[in-house]
Amino acid sequence: MSGTAARPRPAEPQSRVLRAAFRCLAVIEKAGNKLPHPFWLFWILAAVVAVLSAVLAAAGVSAVHPGTHKTIVVQNLLSKDGLTMAVEGAVDNFAAFPPLATILTVMFGIAVAERSGLFSALLRRMVARVPGRYLTFALSMTAMVGHVAGDAAYVTLIPLGALIFRAAGRSPVLGCIVAYVSVSAGYDASPSLTTTDVLLSSISTAAARTLDAGQVITPVANYFFGLASSVLVALVITLVVDKVLARRTELEPDEPAAAPDAAELKAIEVTGQQRKALRVTGLVALGFLAVLAVAMIPSSSPLRGEGGGLVDSPLIGGMALVLGLFFAVLGTVYGRLTGTFSAARDSVAAMVDGARSMAPIVVLFFAISQFLAYFTWTNIGDILAVKGAETLRDLHMHGWTVLVGIAVLVTFMNLVITSGSALWALAAPVLVPMLMLIGIEPETTQAVYRVADSVTNCVTPMSPYFVMALGFIQQYRKSAGIGTLASFTIPIAAVVWVVWVAFFVAWYLLGIPFGVS
């Protein structure tokens, strides 16, 4: 018998609710692992659409468009016309897919800012010297700001959260959990515009145009709500963590956590050169925004829309380019000041690396674009929208009850399909026009989707970042498992979901604009 005692397995939670939740998570993980890659999933769905279109066309399924009063019939994708469209239109379907060019344009700039070290320094600066009593909120709010860095926020903030909690004499396990939950559960809440705003708005626009060709959902269509939500979600996470979860014994690491050594403290601290670079970069950011604001003042400005409009202006319409240029300029300035960039070619190299990291998304977009083209051509989405709207009218449901129902549906779907863009690409073609037909604007539908899509990110083992967060936690508590992490994330997610959905309903009922639309 070995002299080394075996490590005890994590104890089963006493709460029946948590035990039931763990069993559900195990089922979801098992079922989700059997699903094919999203690329193949969308091709399978395309095949389902093809067969369904043939069956519905043969059955003569149709609907009357409530606006034009024209009869919409299902078109058979397996017919000669359908197969011609699928083969000849494949390249055009891909090239015309709205999110493709917009997300790449923004990511060029994001890549420059990230690889220059700007995002890492900014996030470290925000939490490096925060008093202990405000540490949880500061870390959570930093994660809300960090959403602009996309998935890089996970890589930067989870280990950083552990370090700053250790430096404050608190559990590093709790620091990992706060950082992970804040990035994932609040993924669609941010005080600044992110790539998600550009990506989802382009999908929403394409969905809305199946009903109204003139519809445009701008990247700032949910900005007001996202800004307020970022503060709300950070506050809720702080209250749940500090008032309840911080008292749990499972937070103790295997060995008493020592204060960070000199090397670890250096990883947290921002150097004098970096602080100076951040100040200069901040001034450049203000100057950039000031130039745009001044350029928009004259009613005859070329950056305004027809009749001097702001919402339909080239600036809003070209928001992807504006954001990409903004981050490219800031990243280049910061990189040159800190020495991470020594020549103009370094910015180009960063863009190339950024484009390379986007390759999996581009591949997925090819499958999604074909599926959406088939779905649109068959008219199945239009008919579902019309029939669904008629059913909702017959049920006499209030708008807010319909939206809460959609929030529940999306919440459960997100447990399996963890890609926000893939899930919205699947749901938007039906939900957006259907709710438009009962008087709910696309911006509102997109906002409730973003709430539901965010919260369950932190509880599903299907997310690769769930596994990443668990790996960081196991550096301090080797006995931690999926159940250990879930026992912390589930209570936080449940409270955030209830509060955030209630906040959304109040916002909707008060008629407050969700953003600039």
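Now for a look at the structure at hand. Quick caveat: nothing in here was measured; it's all calculated off a predicted structure.

1. What to know about the side chain of Ser204
With respect to the secondary-structure elements, Ser204 resides in helix 10 (residues 195-208). What makes Ser204 buried here is its relative accessible area of 0%. Setting aside residues no more than four positions away along its own chain, Ser204 makes contact with Ile217, Trp424, Val432 and Gln446.

2. Describing the environment of His65
Within the fold, His65 resides in the loop between strand 1 (62-64) and strand 2 (71-73). Separated by 318 residues in sequence, His65 and Ile383 have C-alpha atoms that sit 8.4 Å apart. What His65 contacts, discounting residues up to four positions off in sequence, is Lys70, Ile72 and Leu211.

3. What about the layout of surface pockets?
In this structure, the second largest pocket spans a volume of roughly 940 Å³. Looking at the lining of the second largest pocket, the elements that each hand over two or more residues are helix 6 (118-127), helix 11 (223-243), helix 13 (272-296), helix 14 (314-317) and helix 15 (319-338). For the lining of the second largest pocket, the element with the most residues is helix 13, which contributes 10 residues. When its residues are assigned to classes, the lining of the second largest pocket shows 28 nonpolar, four polar and no charged.

4. Brief notes about empty space enclosed by the protein
Evaluation of the coordinates by the stated rule reveals three cavities of 30 Å³ or more. Within this model, the largest cavity holds a volume of roughly 100 Å³. Every residue lining the largest cavity is counted, 15 residues in all, and those nearest its centre are Asp188, Asp197, Asn222, Gly226 and Arg450. At the level of secondary structure, the elements contributing two or more residues to the lining of the largest cavity comprise helix 11 and helix 21 (442-455). Per-element tally for the lining of the largest cavity: the top contributor is helix 11, with four residues. Its residues placed into classes, the lining of the largest cavity shows six nonpolar, six polar and three charged. In terms of lining, the second largest cavity is formed by Thr210, Phe375, Thr376, Asn379, Ile380, Gly381, Asp382 and Pro429. Those elements that provide at least two residues to the lining of the second largest cavity are helix 17 (359-378) and helix 18 (380-395). Among the residues making up the lining of the second largest cavity, the classes are represented as three nonpolar, four polar and one charged.

5. Concerning the pattern of salt bridges
Using the criterion set out here, one finds six salt bridges in the structure. Between Arg115 and Asp353 there is a salt bridge, with the nearest N and O atoms lying 3.9 Å from each other. With a gap of 238 residues between them, Arg115 in helix 5 (residues 98-115) and Asp353 in helix 16 (residues 344-357) connect regions that are remote in the sequence. Arg356 serves as the salt-bridge partner of Asp353, at 2.6 Å between the closest nitrogen and oxygen. Of the two residues, Asp353 and Arg356 both sit in helix 16, three residues apart, roughly one turn of that helix.

Cut-offs used in this document
Residues numbered from 1 in each chain as written. Predicted model: local features only at pLDDT ≥ 70, side-chain atom pairs only at ≥ 80, totals over all residues. Heavy atoms only, no water. Helix = DSSP H or I, 4+ residues; strand = E, 2+ residues; numbered from the N terminus. Buried < 20%, exposed > 50% of the residue type's maximum accessible area, 1.4 Å probe, protein only. Contact = heavy atoms within 4.5 Å. 1 Å grid on protein atoms, 1.4 Å probe; cavity = no way out; pocket = protein on both sides within 12 Å on 5 of 7 lines; lining within 4 Å. Points joined across faces, edges and corners; volume = space filled by probe spheres on them. Nonpolar A, V, L, I, M, F, W, Y, C, P; charged D, E, K, R; others polar. Salt bridge = Lys/Arg side-chain N within 4 Å of Asp/Glu carboxyl O.

Geometric descriptors of this kind do not, in isolation, establish any biological role.
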